[in-house]
2 protein chains.
Amino acid sequence: MDPSAPRQMHLGVFILGAGHHIAGWRMPDAAGTSEDLAMIARIARTAERGKFDLLFLADAVNTRPDMHPSMVLRLEPLTLLAALAMATQRIGLAATASTTYTEPYNLARYLGSIDHMSGGRCGWNIVTGAFADAALNFSRGQHPAHDERYAIAAEFVEVVKGLLDSCEDGIWQLDKRAGRFIDPARMHALNHEGKYFRVKGPLNMSRPPQGYPVMIQAGASEAGRDLAGQVAEIVYAVHQDIGAAREFSADLKRRARQFGRSPDHIKIMPGVSAIIGGTEAEAKAKLAELGECADPVVALQVLAERLGHDLSGFDLDAPVPELPPSGVMRGHAETLTALARRERLTLRQLRNVVAASMGHRLLVGTPEQIADGLQEWFEAGAADGFNVMPPWFPGPFDDFVEQVVPILQRRGLFRREYEGTTLREHLGLPRPAWRA
Amino acid sequence: MDPSAPRQMHLGVFILGAGHHIAGWRMPDAAGTSEDLAMIARIARTAERGKFDLLFLADAVNTRPDMHPSMVLRLEPLTLLAALAMATQRIGLAATASTTYTEPYNLARYLGSIDHMSGGRCGWNIVTGAFADAALNFSRGQHPAHDERYAIAAEFVEVVKGLLDSCEDGIWQLDKRAGRFIDPARMHALNHEGKYFRVKGPLNMSRPPQGYPVMIQAGASEAGRDLAGQVAEIVYAVHQDIGAAREFSADLKRRARQFGRSPDHIKIMPGVSAIIGGTEAEAKAKLAELGECADPVVALQVLAERLGHDLSGFDLDAPVPELPPSGVMRGHAETLTALARRERLTLRQLRNVVAASMGHRLLVGTPEQIADGLQEWFEAGAADGFNVMPPWFPGPFDDFVEQVVPILQRRGLFRREYEGTTLREHLGLPRPAWRA
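If you're wondering where the values come from, they're calculated on a predicted model, not measured in any experiment.

Definitions and limits used
Residues numbered from 1 in each chain as written. Chains lettered and ligands numbered in written order. Predicted model: local features only at pLDDT ≥ 70, side-chain atom pairs only at ≥ 80, totals over all residues. Heavy atoms only, no water. Helix = DSSP H or I, 4+ residues; strand = E, 2+ residues; numbered from the N terminus. Rg over C-alpha atoms; globule rule 2.2 N^0.38 Å. Buried < 20%, exposed > 50% of the residue type's maximum accessible area, 1.4 Å probe, protein only. Contact = heavy atoms within 4.5 Å. Areas by Shrake-Rupley, 256 points an atom, 1.4 Å probe, with all protein chains shown as cover. Axes fitted to C-alpha atoms, helices over the stretch in contact; angles between N-to-C directions. Parallel < 35°, antiparallel > 145°, perpendicular 65-115°, else oblique. Left-handed = near helix turned anticlockwise from the far one by under 90°. Nonpolar A, V, L, I, M, F, W, Y, C, P; charged D, E, K, R; others polar. UniProt positions renumbered as here; feature names shortened; annotations may be inferred. Polar contact = N/O pair within 3.5 Å; in protein donor to acceptor, adjacent residues only side chain to side chain. pLDDT = per-residue confidence, 0-100. Salt bridge = Lys/Arg side-chain N within 4 Å of Asp/Glu carboxyl O. Least-squares fit on C-alpha atoms with pLDDT ≥ 70 in both. Phe/Tyr/Trp six-rings, centres within 6.5 Å; stacked < 30°, edge-to-face > 60°. Lys NZ or Arg CZ within 6 Å of the ring centre and 35° of its normal. Buried area = accessible area lost by both parts, 1.4 Å probe. Pairing = 2+ DSSP bridges. Right-handed = clockwise from strand over helix to strand, strands pointing away. Expected span 1.5 Å × (residues − 1).

**So, the overall build of chain A**
Moving on, step 1. When helices and strands are tallied, chain A shows 14 helices and 13 strands.
Moving on, step 2. For 436 residues, the compact-globule estimate of 2.2 N^0.38 gives 22 Å, and the C-alpha radius of gyration of chain A, at 22 Å, lies within 12% of that figure.
Moving on, step 3. Each principal axis of the C-alpha distribution contributes one length, and for chain A these read about 75 × 55 × 40 Å.
Moving on, step 4. Here chain A holds 436 residues, and 64% of them are scored as buried.
Moving on, step 5. Sequence-distant contacts, at least 24 apart, represent 79% of the contacts inside chain A between residues at least 6 apart.
Moving on, step 6. A total accessible area of about 15,300 Å² is found for chain A, and carbon and sulfur atoms account for 50% of it.

**Structural notes on the side chain of T346 of chain B**
Residue and element names in this part refer to chain B.
Moving on, step 1. By secondary structure assignment, the location of T346 is in the loop between α10 (330–343) and α11 (347–357).
Moving on, step 2. Overall, the relative accessible area of 18% leaves T346 in the buried class.
Moving on, step 3. Setting aside residues no more than four positions away along its own chain, T346 makes contact with L316, D317, A318, P319 and V320.

**Considering the packing of helix α6 (residues 222–231) of chain A against helix α7 (residues 242–258) of chain A**
All names here are of chain A.
Moving on, step 1. Orientation of α6 relative to α7, taken along the N-to-C sense of each, is 55 degrees, at an axis distance of 8 Å. Regarding the angle of α6 to α7, the classification is oblique. Between α6 and α7 lies a crossing whose hand is right-handed. Side by side, α6 and α7 meet where E222, R225, D226, A228 and G229 of the first sit next to F248, D251, L252, R255 and A256 of the second.
Moving on, step 2. Partitioning the contact of α6 with α7 into residue classes produces four nonpolar, one polar and five charged.

**Quick look at the UniProt feature "binding site: FMN" (unreviewed entry) in chain A**
Moving on, step 1. As recorded in UniProt, the sites labelled "binding site: FMN" (unreviewed entry) are D59, T96, H146, Y150 and S221 of chain A.
Moving on, step 2. Positionally, D59 of chain A belongs in the loop between β2 (54–57) and α2 (69–72).
Moving on, step 3. D59 of chain A gets classed as buried once you look at its relative accessible area, which sits at 19%.
Moving on, step 4. With residues up to four places along the chain from it excluded, the contact list for D59 of chain A reads R74, P77 and T96 of chain A together with R109 of chain B.
Moving on, step 5. In this structure the side chain of D59 of chain A is engaged in a polar contact, spanning 2.6 Å, whose partner is the side chain of R109 of chain B.
Moving on, step 6. Position of Y150 of chain A relative to the elements: it lies in helix α5 (residues 146–164).
Moving on, step 7. When its relative accessible area of 11% is taken as the criterion, Y150 of chain A is described as buried.

**Focus on the confidence of the model for chain A**
Moving on, step 1. Confidence along chain A averages 94 in pLDDT terms, with 99% of residues attaining 70 or more.
Moving on, step 2. The ipTM, which scores confidence in the relative placement of chains, is 0.96 for this predicted complex, and the corresponding pTM is 0.96.

**With respect to the packing of helix α3 (residues 77–87) of chain A against helix α4 (residues 104–117) of chain A**
All names here are of chain A.
Moving on, step 1. It is at 9 Å that the axes of α3 and α4 come closest, and there the two elements cross at 15 degrees. The orientation of α3 relative to α4 falls into the category roughly parallel. The two elements α3 and α4 meet at a crossing, and its hand is left-handed. Along the contact surface, α3 presents L78, L81 and A82, while α4 presents L107, Y110, L111, I114 and M117.

**Side note on the pattern of salt bridges**
Moving on, step 1. Applying the stated criterion across every chain, the model contains 56 salt bridges over all chains.
Moving on, step 2. One salt bridge in this structure joins R255 of chain B and E222 of chain B, with 2.9 Å as the shortest N-O distance. Placement of the pair is R255 of chain B in helix α7 (residues 242–258) and E222 of chain B in helix α6 (residues 222–231), with a sequence separation of 33 residues.
Moving on, step 3. Classification of R255 of chain B by relative accessible area gives buried; the value is 6%.
Moving on, step 4. Connected through salt bridges with shared partners, the residues E158, D165, D169, R207, R431 and R435 of chain A form a single ionic network.

**Some remarks on the relation of the copies chain B and chain A**
The operation relating the two chain copies consists of a rotation about an axis and a shift along that axis.
Moving on, step 1. Structural alignment of chain B on chain A gives an RMSD of 0.0 Å, achieved by rotating through 180 degrees and translating 0.0 Å along the axis. In the structure described here, the two chain copies are related by an operation that fits a two-fold rotation axis. Within chain B, A83 of chain B has its C-alpha nearest the rotation axis, a separation of 2.2 Å.

**Quick word on the environment of R351 of chain A**
Residues and elements named next belong to chain A.
Moving on, step 1. Here R351 is to be found in helix α11 (residues 347–357).
Moving on, step 2. With a relative accessible area of 10%, R351 lands in the buried category.
Moving on, step 3. Sequence spacing of R351 and V297 is 54 residues, and the spatial spacing of their C-alpha atoms is 9.8 Å.
Moving on, step 4. Contacts of R351, omitting those with residues within four sequence positions, involve P296, A299, L300, L303 and L316.

**Describing the packing of aromatic side chains**
Moving on, step 1. Taken as a whole and judged by the stated rule, the model has 25 aromatic pairs over all chains.
Moving on, step 2. Taking the centre distance of 6.3 Å and the plane angle of 70 degrees together, the rings of F393 of chain A and F397 of chain A count as edge-to-face.
Moving on, step 3. Ring centres of W124 of chain B and F156 of chain B lie 6.0 Å apart, and the angle between their planes is 50 degrees; on these two criteria the pair is classed as tilted. In this pair, W124 of chain B sits in strand β4 (residues 122–127) while F156 of chain B sits in helix α5 (residues 146–164), placing the two residues 32 residues apart along the sequence. No difference in accessibility class separates W124 of chain B from F156 of chain B, as the two residues are buried.
Moving on, step 4. Among the aromatic residues, ring-to-ring pairing joins F52, F393, F397, F400 and F414 of chain A into one connected group.
Moving on, step 5. Note that R207 of chain B overlies the ring of Y212 of chain B, its terminal NZ or CZ placed 5.9 Å from the centroid.

**Some remarks on the interface of chain B and chain A**
Moving on, step 1. Opposite the 75 residues of chain B that make contact, chain A presents 75 residues.
Moving on, step 2. Taking both sides of the interface into account, the surface hidden between chain B and chain A amounts to around 6,200 Å²; carbon and sulfur atoms contribute 63%.
Moving on, step 3. In terms of surface lost to chain A, no three residues of chain B exceed W25, K176 and F181 of chain B, which account for 12% of the buried area on that side.
Moving on, step 4. For the pair chain B and chain A, the interface holds two salt bridges.
Moving on, step 5. Residues D59 of chain A and R109 of chain B are paired through a salt bridge, measuring 2.6 Å at the closest nitrogen-oxygen approach.
Moving on, step 6. Across the contact surface, chain B and chain A share 28 residue pairs in polar contact (both at pLDDT 80 or more).

**So, the pairing of strand β5 (residues 172–175) of chain B**
All names here are of chain B.
Moving on, step 1. Bridging between β5 and strand β6 (residues 180–182) involves two bridges; their strand directions are antiparallel. Paired with D175 across the two strands is R180, which belongs to β6.
Moving on, step 2. Taken together, β5 and the strand that follows it, β6, pair antiparallel across an intervening segment of four residues, in which G179 is found at a positive phi of about 75 degrees.

**A word on α11 of chain B**
Moving on, step 1. Residues L347, L350, R351, V354, A355, A356 and S357 of chain B constitute the buried set of α11 of chain B.
Moving on, step 2. Once α11 of chain B finishes, M358 of chain B follows within two positions and takes phi at roughly 55 degrees, a positive value.

**Quick notes on the pairing of strand β10 (residues 234–237) of chain B**
All names here are of chain B.
Moving on, step 1. Of the two faces of β10, both are covered, the one formed by I234 and Y236 as well as the one formed by V235 and A237.
Moving on, step 2. In terms of strand pairing, strand β9 (residues 214–217) meets β10 through two bridges, oriented parallel. What sits directly across from I216, in β10, is I234.
Moving on, step 3. As a crossover connection, the stretch from β10 through α7 into strand β11 (residues 267–276) is right-handed.

**Some words on helix α8 (residues 280–293) of chain A**
Moving on, step 1. Between its terminal C-alpha atoms α8 of chain A stretches 20 Å, which fits the 20 Å expected from 14 residues at 1.5 Å a residue.
Moving on, step 2. Its buried side turned inward, α8 of chain A meets β11 (267–276) and β12 (361–365) of chain A.

Pasting the structure below:
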């Protein structure tokens, strides 16, 4: 990349089968089920046509019938990512996987395989598990406490990196004449003996094209921010307020520096939901229509998950109650609580915010207005890019790619063509050197 | 299927990146690395052109530099299967996954996703782990003992089935007008509380096209045969001798009957390695050439894994020593020991057998002779089909599909076209009914 070129925005699409607005699936052109591979592959190809850096799949390891419709039933993200590797050529492919409910040896293999099969396009969103009910699906008495989950995660990530470094680059010899298939001297055991994991290694896989998958993190708590400063290369953030977003970004980059890393190697990408119309009034009418279609029970449940408290006993038309912090989804809870306080929202109003964008920033307007909203945060240092959360698929995301992306390109803020082939190259991140 | 049609042979291809003969990779047209997705996808499409029932990926969760070259480094099978689902349309897609080193909630999702994404083509080879070293990669003090591994496996399979039945068929409502996305009454918790697993559920996925993946098993011990009789729909067997193979097949079908199952719903598919030549002499010369290229150290290591004993202290030119049974690869050990005894083999001779076919039946000859060898076992009730293990890829497998398959088709033993779309349909297995 030309070092004198202006700073470039990074864009990801956050794929949730039935869209991000809880009523998105009810719109006339909305996709069918949230398990529709053909539709998800279509979204991936649309994002690639839009030169997006990456697509992103969220996850949870539990469900209940009154969850957000996009989360109640879904394809498993790692296998889905592998399938999408075959349906695309250039776009980065990131999925969520839990450090609380998987084994590092298994996860290193899944991620490493996806990186191999996609030619270096894999990203891993490291989560510790935001739903305490998950423990009940894994023969565990209870979900580990918040700070312990992060301690486990930090060790887990080190083990995964160590396993992916089992083989030095150049292990393949393929010398048919001499009978030398690999160079055995370049394969190393890990011999990890930590507090939570004992993993001997080596991993049964050569070093992936990117070395490690691009590491993504979204924790907003003190422990989450520290883990992000240490290992994250993309941070998904939830912010409604540009000031809070700037502070968050500066804080994360400062932490990265403290861990000896370049602040350019940690990209802050807040979620943004965009409702696009030919005019502002048309966009607003669309949002109102969505709001009328939203299921109030599900919407309150989605808010309850984010605040970490059962809300069924509260008056919907009273101000949002003050609730103690819970051990889950800290970033969502803080952003929503701050918003409610700042704008004196009732519980019903906050519920409707969450129904629309799950607590993320909502932009409503013409393509120019959407682009303005992105540019403002980007230039203010509140974001290095955005995780785009379309209210439903495929229509609004087609609109984003066809109408908003060209504006960002004309303004010199976003690439017109891919320059590299790996996700690290799209993001301007170096390939990590092999570590003994 | 026409019930008056003659019984049909089932064929699978056992894909090991660098081939089954330990020296296969050294042949001039052999593929490069064992992690080559493009080559593996080519094999899958060749098998589909040959109307194979399924392709099969083996696995292990440990490695060492002196393992069989196809096993030392490899892509992870579940993610690979998901990628192959996108590269093929009709062929069944089966992979090995361990019940000792994964969690049933995770594995149910991986398998269910692959079944959804492939339109009902997933198979699962249930293994308990044949390599004791695996424990050291999973923070375990030691590999569980043989019979306990099978007890864990039996419960694990029940949990996976229960999770895949979390949703009744017809859960999708998609009634945009009424705002009914799913039918919540058709989603059920599992509430499993067993000896080894506590899993509440529900699984966050609708019921896959096949209900459950086709269940595959290869255990030859008493515990392994019982598990197979109870749950297996395909059994991979290792036999050199038609008499032993017939007894094995009859025993497995008898056990299936004892568990209330139809003997037609358990398909015995021994592994077969075929060395094909234009003449028998040409095929034998090929085998001899392969033998000369085989690495003697690796070959002895592959034999040692199968017998479950370190063999480095034994005289290669003395008769194969009598060794007590180990807790791993029981079927391989028994077949190889019987062969050595029957044919009075030295350790060196047995090592060379294993180098060629890993202990499986080896057919060497013209396409007609190969077809004869398959037909003989099929008609004698020693096999319902075969798991074809080409010595290397792609050449010998291309030959099998182009030269052996048409002979089987002309003889009325093998399909000329797929009739169904799912792996269950290829095998004539019913889709299991939903269980509360």
